[in-house]
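Chain by chain, the residues:
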Amino acid sequence: MECMMDELIYMDHAGTTKLDPRVLDAMMPYLTQAFGNASQLYALGAQAKQAVEKAREQVAALIGAKPSEIFFTSGGTESDNWALSGVAHSSEQRGNQIITSQIEHEAVLKSAKSLEKHGFRVTYVPVDEHGLVDPGDVRKALTDQTVLVSIMHANNEVGTIEPIKEIAKIAKDGGAYVHVDAVQTTGSIPIDVDEIGCDLLSMSAHKFYGPKGVGALYMRRRTKIGTFMNGGGQESGRRAGTHNTPGIVGLGEASRLAQLELGAAQPRITALRDRLTKGIIEKIDGVKYNGHPTERLPNNVNFCLHWAEGEAILLMLDACGICASSGSACTSGSLDPSHVLLAMGIPAEIAHGSLRFTLGKGNTEEEVDFVLEVLPKIVQRIRDMSPTYREHKKSHAAHAAAS
Ligand SMILES: *Cc1c(COP(=O)(O)O)cnc(C)c1O
């Protein structure tokens, strides 16, 4: 199939994003001449220290926090692990229950599972067919033993934005700490930790045009949480390890740019999303649109296709220079259907045909139109090879002839 554009079409921004060249520019000095250890007293160290503290202010500004409430980590996974295990273990005297949802990222789900082995009781609240958590379910699950409620801001697979303010209020009224995995929303939609009312929030630089391997955990003042990395006295003694100065500077610059440019990028990306969604529904039959119609990330398009394996579609898209994803990057590669789609009540055989496009600031209308030209042909090709599709077409034709 003749299908290549000159350049790769990248539509997997929920998986990772391309480093913004301006972020690289900001990082470069700290990878080269300004290589000092931020904990050392000589000028070279002080220079790095200053850069780290400037980044802390930039990150704090993006989410309405104080710089002293920002702790640098190695990314979203570490922030999630730290939030769950740190709060759980330092609140053991107070209670042993944790509430989270069935559609969290593996970084939260597996942290919760590991806490279960240490005697914690975890309640996994369900979601509706759109992927929404019902705050009422969180209220029902709360007991006087609940120490932490951890619900994601938006889901990475289907893009559903959770009613996190309501959930946080219920949890706080019940005396629990609130953690929000905001890895998908940071830099994409406005975030204010006071408005949300959370105590902890995870973010990751590489999901919003920063470098990989660096992130932050926001912790509201006076949150009781144990250390996660033991060692030196960095990050007020709460997260040891020599500062990843270039990475942290990159996270800071990505935060600064996001704050400046989010307002203009959001409507543009939303328009591309809607164009792609509309086109897919018009051009391909047997499509099931996944996620919430309105409470949704500006960049997420996710659907299931009858009679077509998601992975087969991905490979053919890749051959056409188009990067998309099936389920989440962590679960694709395994044959299990997505836990998110299953929690939304989608049958396993349909969940296997799921496809996700996540758009970013580099995407254009031309690219969306190109995908809309190529995708229907690919889907048709795969369906033509599927016995169940041929059965379906035969019975459809028989039906039409009979009526
Ligand atoms: C990507 C992602 C993570 C993990 O972040 P890393 O920085 O890649 O470790 C956690 N939660 C969500 C919702 C994500 O999308």
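Take the environment of Ile 382 next. Secondary-structure assignment places Ile 382 in helix 12 (residues 365-384). On the basis of relative accessibility, which here comes to 9%, the residue Ile 382 falls in the buried class. Spatially, the C-alpha atoms of Ile 382 and Gln 93 are 57 Å apart, while their sequence positions differ by 289 residues. Beyond its immediate sequence surroundings of up to four residues, Ile 382 is in contact with Ala 308, Glu 309, Ala 312, Ile 313 and Met 316.

Around the ligand there are 13 residues in total, and Thr 77, Asp 181, Gln 184, Ser 204 and Lys 207 lie nearest to it. The side chain of Asp 181 places a nitrogen or oxygen atom 2.7 Å from a nitrogen atom of the ligand. Note that an oxygen atom of the ligand is positioned 2.6 Å from one of the side-chain N or O atoms of Ser 204. When the free accessible area of the ligand is taken as 380 Å², the share hidden by the protein chains comes to 88%. In terms of residues, the shell around the ligand owes the most to one element, helix 3 (residues 76-90), which gives three residues. Class assignment for the residues of the shell around the ligand results in two nonpolar, eight polar and three charged.

What follows deals with the domain arrangement of the protein chain. Under the domain assignment used here, the protein chain contains domain 1 (9-17 + 263-402) and domain 2 (21-258). The distance between the C-alpha centroids of domain 1 and domain 2 comes to 30 Å. With 29 residues of domain 1 at the interface, the matching set in domain 2 holds 32 residues. With both sides pooled, the region where domain 1 packs onto domain 2 buries about 2,500 Å², and carbon together with sulfur makes up 54% of that total. Our enumeration of links across domain 1 and domain 2 arrives at 16 residue pairs in polar contact (both at pLDDT 80 or more). Within the residue set of the side of domain 1 that touches domain 2, elements represented by two or more residues are strand 10 (300-305) and helix 10 (339-343). Counting residues per element, the side of domain 1 that touches domain 2 draws most heavily on helix 10, at four residues.

Attention now moves to the nonpolar core. Nonpolar side chains tend to gather and get buried jointly when the protein is soluble and globular. Grouped together as the largest cluster of nonpolar side chains are 59 residues, with contacts concentrated most on Ile 63, Ile 70, Phe 72, Val 149, Leu 201 and Leu 251. Considering each element in turn, this core owes the most residues, seven residues, to helix 2 (residues 43-63). Within the second largest apolar cluster, 31 residues are counted, among which are Ile 269, Leu 305, Phe 370 and Leu 372.

What follows concerns the sheet that holds strand 9 (residues 287-289). Strand order in the open sheet formed by three strands is 9-10-12, and the pairing between neighbours is antiparallel. Lying at the two open borders of the sheet, with one neighbouring strand each, are strand 9 and strand 12 (354-358). Neighbour-to-neighbour, the strand axes of the sheet open up by a mean angle of 25 degrees, direction not taken into account. Here three bridges tie strand 9 to strand 10, and the two strands are oriented antiparallel to one another. What sits directly across from Tyr 289, in strand 10, is Phe 303. With respect to the sheet, helix 9 (residues 310-319) is in contact with strand 10 and strand 12, its orientation differing from that of strand 12 by roughly 45 degrees.

Glancing now at the packing of aromatic side chains. Overall, the coordinates contain three aromatic pairs when judged by the stated rule. In this structure, Lys 361 packs its charged tip against the face of Tyr 209, placed 4.2 Å from the ring centre.

All right, on to the pattern of salt bridges then. One pass over the full model with this rule turns up 23 salt bridges. Salt-bridge contacts for Glu 235 lead to Arg 56; the nearest nitrogen and oxygen are separated by 2.8 Å. A residue pair is termed long-range when its members are at least 10 positions apart, and Glu 235 in the loop between strand 8 (215-219) and helix 8 (245-283) and Arg 56 in helix 2 qualify at 179 residues. For the pair Glu 235 and Arg 56, a shared accessibility class is recorded, and that class is buried. Lys 394 is the partner of Glu 391 in a salt bridge, and the nearest nitrogen-oxygen pair spans 3.6 Å. One end of the pair is Glu 391 and the other is Lys 394, both in helix 13 (residues 387-402) and three residues apart, which spans about a single turn. Residue class for Lys 394 comes out exposed when judged on its relative accessible area of 56%. Here the residues in one salt-bridge network are Asp 20, Arg 22, Glu 261 and Lys 361, joined through shared partners.

The rules we used
- Residues numbered from 1 in each chain as written.
- Predicted model: local features only at pLDDT ≥ 70, side-chain atom pairs only at ≥ 80, totals over all residues.
- Heavy atoms only, no water.
- Helix = DSSP H or I, 4+ residues; strand = E, 2+ residues; numbered from the N terminus.
- Buried < 20%, exposed > 50% of the residue type's maximum accessible area, 1.4 Å probe, protein only.
- Contact = heavy atoms within 4.5 Å.
- Near = heavy atom within 4 Å.
- Polar contact = N/O pair within 3.5 Å; in protein donor to acceptor, adjacent residues only side chain to side chain.
- Areas by Shrake-Rupley, 256 points an atom, 1.4 Å probe, with all protein chains shown as cover.
- Nonpolar A, V, L, I, M, F, W, Y, C, P; charged D, E, K, R; others polar.
- Domains from an automatic or database assignment.
- Buried area = accessible area lost by both parts, 1.4 Å probe.
- Core = buried A, V, L, I, M, F, W, Y, C linked by side-chain atoms within 4.5 Å.
- Pairing = 2+ DSSP bridges.
- Axes fitted to C-alpha atoms, helices over the stretch in contact; angles between N-to-C directions.
- Phe/Tyr/Trp six-rings, centres within 6.5 Å; stacked < 30°, edge-to-face > 60°.
- Lys NZ or Arg CZ within 6 Å of the ring centre and 35° of its normal.
- Salt bridge = Lys/Arg side-chain N within 4 Å of Asp/Glu carboxyl O.

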